[in-house]
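Close look at the chain arrangement
What follows is the residue order along each chain.
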Amino acid sequence: MAAGTLVFSPAVLLMVLLWSALGNSGLESEIAANRRTLVTKRDASENRHDLTGGDLPFDLDSLFGRMSPVRDSMEATVEVAARALAETLHKLGDKKVGVLPMQKIYDSLSYSVKSSNEQQTIQQLTRNLRDKLDKYMGALDILRSSVENLYRTHLRQVLSHRNGCCYLDGSLLHYDNTFQTNISRKISCDRIATGTPSRMFNPGRNLTRVFSDNLYDSPFLKWQYFSSEDGIFNVFPAHRFTTQHRHGDFRCEEGFEHRNRPLYSATVRPGPKYVVIIVDRGVALSEDKLRIAKQAAQMVISTLLEQDKVAVLGLSSRVKTSTEDECFRHLLAPASQQVKQKLTRFIDDIKLGKGMTDHTLGFQEAFNMISNTFQADSVGAETEALILYMGSGNISDEGQEVTNIMSTLGSENSRLDNRAIIMTYALVDDGKTSLSELGFLRDLANQDYQKYGVTWKSSRPVKRGTMTVLNSLSNLGSTVGRFYTVLSANVTSQTHFSLPYMDSMGEGLILTITQPVYYSKREGEHLLLGIVGIDLSMADLMEDMTYFEEGQSTYAFVINRHGYTLMHPTLQRPSLVKQQPLHTDISHFEQVPDFQSVRQGMVSGSSGTKSLAAIYNTTMMGRPGRQVDNGLLLYNITYTWAPVEGTPFIIATAILEEDREGRQLMSTNSPAGHHLLYHRLDLWLTGSTCMHLKQLATLETAALMLSPGSFQDPYEHLHQPETQRMVQHLTLYLTDNTGLLANPGVKPTIKDDVAATSRISKHWTSDEHSGVEDYIVRRYAATPSGVYRMYPGAVMDKSFDATRTQWYTHALENPGRLTLSAPHLDAFGAGYVVALSQGIWEGRLDGYHQSSDDIVAVVGADFTLRYFYKLLVDTLPLCQEDSIRCFIFDDKGYMVAHPGLIEPSRQGPIEQRHITHMEPLVANDILNHRGFVHKNMCNSYNDRTIQRLYQFNTSFQGVLTNLIHGEHCSKYRIMLIPGTNSFVGIVNQTCDVITAFCPCSMVDRLCLNCHRMEQTECECPCECPLELQQCSGQLAKNEDRNPSCSTRHEPIVLPPVDPANTEGVPQCFNSDCSSRKTYGDCFGVLDCEWCMLGPDGETPLEKEYCASQRVCFGGVVGSRSPYADEVTANQFPRRVHNAPVGPVAGGIMAVILVFALAIYFYRHHVHRLQRQQTLQNAETTMRMSQLDERDEEPDDPPENHGIGSFLLDHTSFFLATIERRPSHHDRRNRYSRSTRGTDSDHGYSTMTPHEDSENPPAYLEPLVLEPLTADKNYSERLDPPPQTMLGNKLQAPVQVHMVDTC
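Residues numbered from 1 in each chain as written. Predicted model: local features only at pLDDT ≥ 70, side-chain atom pairs only at ≥ 80, totals over all residues. Heavy atoms only, no water.

Scanning the protein for helices and strands turns up 31 helices and 51 strands. Expressed as a percentage of contacts within the protein between residues at least 6 apart in sequence, the contacts between residues at least 24 apart total 73%. Counting only carbon and sulfur atoms, one obtains 51% of the accessible surface of the protein, whose full area is about 53,500 Å². (Helix = DSSP H or I, 4+ residues; strand = E, 2+ residues; numbered from the N terminus. Contact = heavy atoms within 4.5 Å. Areas by Shrake-Rupley, 256 points an atom, 1.4 Å probe, with all protein chains shown as cover.)

Written out as structure tokens, the structure is:
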């Protein structure tokens, strides 16, 4: 057969004609008639257009009528498929999900004009945060005063009782949800620094009562402590430190030192510190000395906070600085987490040089960097700087060289008005360091110019430093770590606020407030006793901003006086943060022209408001506004801000202004006789309770769940247990139509939302049964306020927030469209599911809606993954043809239905499979269609990456086909499924081998080339490092032009339920898998799998059968279930046929030899072409590795931290190939019509019978090439990627394309 010939049976052409006839017939559902009536009403009054591509309420026939004329039979087929799928999906949405009934409910409700006053809103937010912090700072004041009083007592009667945290009795400790570890609220404990005398002031036992009272008055306080200047650390509640503590500073076998912690140094020396570290690496040093110097330098870096600035120099005959940022050569960089990591790596890479140490050059460079930084920061006249020199003091010419060094110090420090202090650390080997070297280092620290006849001019006297001898790695914390004590002290009780960081003793994101404690001996004489501190939960502090909800076009954020962002809608909820956050300036989040003027007003400490005009690409930002040319969106954004008095925090709101008035529900009563069921079924076990897979559930009615944001105090709700009495009070209040019952603590709008959504329960429970129920996992509805209903009613985790799920956000991004979301693993035991959801407009009595209307709710349902491939094959039987592949993908390019998603696999389907991975040939071609797909970038500040992703045009009309004619034997057709966010595609392939290139990293998610992104180049969704100019904190290479990525979809967790409440409880649904005897009858049914392969994942079963997922998840008997509840292979009879080993092995070897010879000659030319392409890409990548090259000493190995080398080390690619591969099963050809459908099926619960085929599916899978280079250590640090079986023998890692969406 000629390449490129389209083959269709007469039955297919007959189907095309039949569907064309039905399109104009009177056969339509009641729902379609209702929609047509609404459109007719609307057209009679006015013409309102929907910016999403269709009028709303939309009419399927009007959408289909816009399709271009039929040009060939394949094009007609895909048009018919899109039309049929749209009709089916909208029937599902209306009858099963409840889209149309829910819209009618909201259209029947009454609304009033919503008044807004941003000044009042901002005042309320600042007042709430101020009240919290006042209470916490009051507790800190009490703690400080108590320590001062106890020290006076200590002077008369020694207080030195110790209660070591390492030796606590484990029976005294119990798990506490607030601290998220085992503690005792009755006692405190202490850690003592090495070398601390036994009779030093230790108030721990005497402070316990104060600690306890503070915790009683403020139940959500976290750790309280006193850290003394003598090296004693008291902490409450008592927490047992062990030798295996995850934080090194708290391990019992290691020397403990709390005074070198950043919080301590920042509290007792609150100003910013400017520090230059010089590490001697000259030839005179030994390896042991260099190791001590490097450890000491890293100790200094760990003591600094982001307000401090630091530089590190490696010194031999030349000065070496880190090459990871250009500014490291000339300036001191803020000691951010990233900078400290980079400088720590640089110190690790320092090696001994071959030349003598040029001290003059090193100190000259240090003074230049300090001078440059002072000028850039416009520092005050009293600002001091530190130069820390770590070396042996070895010099070649003791007389002249020392004089030159001291002369350089004198002249350079005079330029700084003697504000530089020099600290020297002598690296000593016993018996090998001369007194002259120690004397030289002492003179350096003292800046003893007179001794060497050096003159200097300055109105300010020299401030002497100190020399410290280092001869081991022990006690570095109490020697080097205390370097800051030489700086001028400012005796004050000012409260210091840290930036957020991860709790090292418990769990969660915290912020610490501290105060120094002084004992006043007499007027003007103060003795530093230490610091007191209290850790505060960021989830508690930021709760109002985290759950701020004033409509879709308003949001709130918090920054500090330095501009760092503490909370923003695009950041994760603080309660879910699991790793140290990267502090980011607010200007990176708010990319509005002239926002810098707003930022300046915010950090100035005054209140204000300002409006700015902004333009955003509509494909990137789901924000309201006025559409202008080229798909851009023009709107005004008004910022209002106010400082929180007495703190470094500023709260701001942003309103995206619209030309219409806001509306809100008027007081809404619950329906008469409505039974409100709260989701805590475990508090009242009844006869109707059942298990819906792994959830305790009921089929009586839908259950209500309120997210934390529904409550006035979300953090309090999360940390207090829900009792029967609390639930009773809540349900009585929510169903009370008299208004006489007191509010139990929910927000004012919640009651109306609960009443509005209550009416959907009747639709879900009274729905006529059809075969579709076998594939529906659950149905649900959610409102922006946090009201969530689900059927079957089931117990949910109290932290669950439906507004942060994929199905909810995708519905908001596609207003007026039925939305399919990419498959994901269901947390409650259903396996891989696909969500179908749609937003509900705010109500209008006439039923006319515009795209500018607010979304007031989202309704949806989860279906089993295979159900949508079943729909596809039911709609298009030709998908079972050998040369045909059919698929559905969403507007991000992720596959919803594809033959590759239903293949038997030991691992099950992989989530988030992209069209560039599954169909690279199609992906390569569609990128050349302008206006159909756009490659976008957004900045993710949660992990400092640039995300590359795809956005498909859901307003595209017509059928897309091959544009580039390089592959004549493979044709595709793609069309939007009208009224949805998804596309249907058909590929007709008539040849055996076709190659297409789509680069994807097989090690991590790193893009192959981060230095450019071309719209027409195919690549999988990937990420690149977000590069910052470390000294300025600004983004490099104009990356600020990328919008901020939207909030990540939060994981859903199975709620903890007492096993006693679930034991013996029957399942709500009985899928009766064992009675389903055919593949088609089993395919896609909830909790059922068609078992096809034996435990090895390769050997076919002698007799296939239908069973629970626990038996053969993914179709492989005994495969590992993601829920860890699989039935192992030895728990059921082995059904694999065992053939004699000898004859089978001989036959296999003969076939392999013949096959290998044939393949060699047939594919020789193809392989040569592939090798040439691989080498070309290798050369390109090799050139990228040279980006960070610079002139270094011959004895120094080059650093390899640049982006080019990072790509080279950790990136490989695959060559996607279409070929006929031996396969045991073709799942596409095995459907038989289900007998479980009824007359009410409407055509979407049946399958078309078809004969089996021996030919395998021809969808694309990657053949992995060897990486260009291998970094073994890096690979070992990574978690192993998910595995999939390719063909019969090859096992290869498959990239998981999971990205944040913008």
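In the structure shown here, the tally under the stated rule is 35 aromatic pairs. Judged by centre distance (5.5 Å) and plane angle (15°), the rings of Phe863 and Tyr867 are stacked. Through successive ring pairs, a cluster of aromatic residues spans Phe887, Phe889, Phe932, Phe952, Phe956 and Phe983. Sitting above the plane of the Tyr111 ring, Arg663 keeps its charged end 4.4 Å from the centroid. Note that Lys751 overlies the ring of Tyr733, its terminal NZ or CZ placed 4.8 Å from the centroid. (Phe/Tyr/Trp six-rings, centres within 6.5 Å; stacked < 30°, edge-to-face > 60°. Lys NZ or Arg CZ within 6 Å of the ring centre and 35° of its normal.)

Another point: the confidence of the model for the protein. Looking at the protein, the pLDDT average stands at 79 and 77% of residues meet or exceed 70. Of the regions scoring below 50 in pLDDT, residues 1130-1146 engages in 17 contacts with residues more than four places distant in sequence or in other chains. Segment residues 1153-1302: pLDDT under 50, and 342 contacts once partners within four positions in sequence are set aside and those in other chains are kept. (pLDDT = per-residue confidence, 0-100.)

The next point concerns the state of the cysteines. Within the structure shown, the criterion is met by 12 disulfides. Paired through a disulfide, Cys166 and Cys252 show a sulfur-sulfur distance of 2.0 Å. Judged by the sign of its S-S torsion, about -100°, the bond between Cys166 and Cys252 is left-handed. Here Cys166, found in the loop between helix H6 (118-156) and strand S2 (174-176), pairs with Cys252, found in the loop between strand S6 (232-236) and helix H8 (262-268); they are 86 residues apart in sequence, far enough to count as distant. Look at Cys166 and you get buried, because its relative accessible area is 14%. For Cys252, a relative accessible area of 23% corresponds to the partly exposed category. Linked covalently through their sulfurs, Cys879 and Cys886 form a disulfide whose S-S length is 2.0 Å. Residues Cys879 and Cys886 are joined by a disulfide whose S-S torsion is about -100°; by sign, that bridge is left-handed. (Disulfide = S-S within 2.5 Å. Buried < 20%, exposed > 50% of the residue type's maximum accessible area, 1.4 Å probe, protein only.)

Read from one edge of the open sheet, three strands run S37-S38-S43, paired in antiparallel fashion. In the strand order of this sheet, the two ends are held by strand S37 (933-940) and strand S43 (1022-1025), each with one partner. Strand-to-strand twist in this sheet, taken as the mean axis angle between neighbours without regard to direction, amounts to 30°. For S37 and strand S38 (residues 945-952), the ladder comprises eight bridges, and the chain directions are antiparallel. By the bridge assignment, Ser940 is partnered in S38 with Thr945. (Pairing = 2+ DSSP bridges. Axes fitted to C-alpha atoms, helices over the stretch in contact; angles between N-to-C directions.)

Spatially, the five strands line up as an open sheet ordered S36-S35-S41-S40-S39, and their pairing is antiparallel. The sheet is open, and its two borders are formed by strand S36 (895-897) and strand S39 (959-961), each paired with just one other strand. When strand polarity is set aside, the average angle formed by the axes of neighbouring strands in this sheet is 30°. Sheet topology note: the strand S35 (residues 884-889)/strand S41 (residues 983-989) ladder contains six bridges and is antiparallel. Bridging across to S41, Cys886 finds its partner in Ile986. The strands touched by helix H4 (residues 73-97) are S35, S39, strand S40 (970-976) and S41; relative to S40, the strand with the most contacts, the crossing angle is about 35°.

A general trend in soluble globular proteins is that nonpolar side chains are found buried together. Among the nonpolar cores identified, the biggest contains 92 residues, and Tyr106 and Phe868 are the most heavily contacted of them. Leu168, Leu215, Phe256 and Met502 belong to the second largest nonpolar core, which has 68 residues in total. (Core = buried A, V, L, I, M, F, W, Y, C linked by side-chain atoms within 4.5 Å.)

Viewed as axis vectors pointing N to C, helix H11 (residues 359-377) and helix H12 (residues 400-415) meet at an angle of 5°, and their least axial separation amounts to 9 Å. Taken together, H11 and H12 sit at an angle that is classed as roughly parallel. Facing His359, Thr360, Phe363, Gln364, Phe367, Asn368 and Ser371 of H11, the residues of H12 in contact are Glu401, Asn404, Ile405, Thr408, Leu409, Glu412, Asn413 and Arg415. Classifying every residue of the contact of H11 with H12 by side-chain character gives four nonpolar, eight polar and three charged. (Parallel < 35°, antiparallel > 145°, perpendicular 65-115°, else oblique. Nonpolar A, V, L, I, M, F, W, Y, C, P; charged D, E, K, R; others polar.)

Our focus in this paragraph is the pairing of strand S26 (residues 695-698). Residues Gln695 and Ala697 point to one face of S26 and Leu696 and Thr698 to the other, with burial holding for every one of them. The pairing of strand S25 (residues 689-692) with S26 spans four bridges and is antiparallel. Counterpart to His692 in the pairing with S26 is Gln695. Count of turn residues in the S25/S26 antiparallel hairpin: two residues, of which Leu693 carries a positive phi of about 60°.

To continue, consider the pairing of strand S28 (residues 776-782). Counted residue by residue, S28 has seven buried out of seven residues, so it is predominantly covered. Inspection of the sheet shows S28 paired to strand S34 (residues 855-864) by six bridges, in the antiparallel sense. Across the sheet, Arg778 pairs through a bridge with Asp862, a residue of S34. Sheet analysis places S28 next to strand S29 (residues 787-791), joined by four bridges and oriented antiparallel. When the sheet's bridge partners are listed, Tyr780 is paired in S29 with Met790. Between S28 and the antiparallel strand that follows it, S29, lie four residues; Gly786 among them carries a positive phi value of about 105°.

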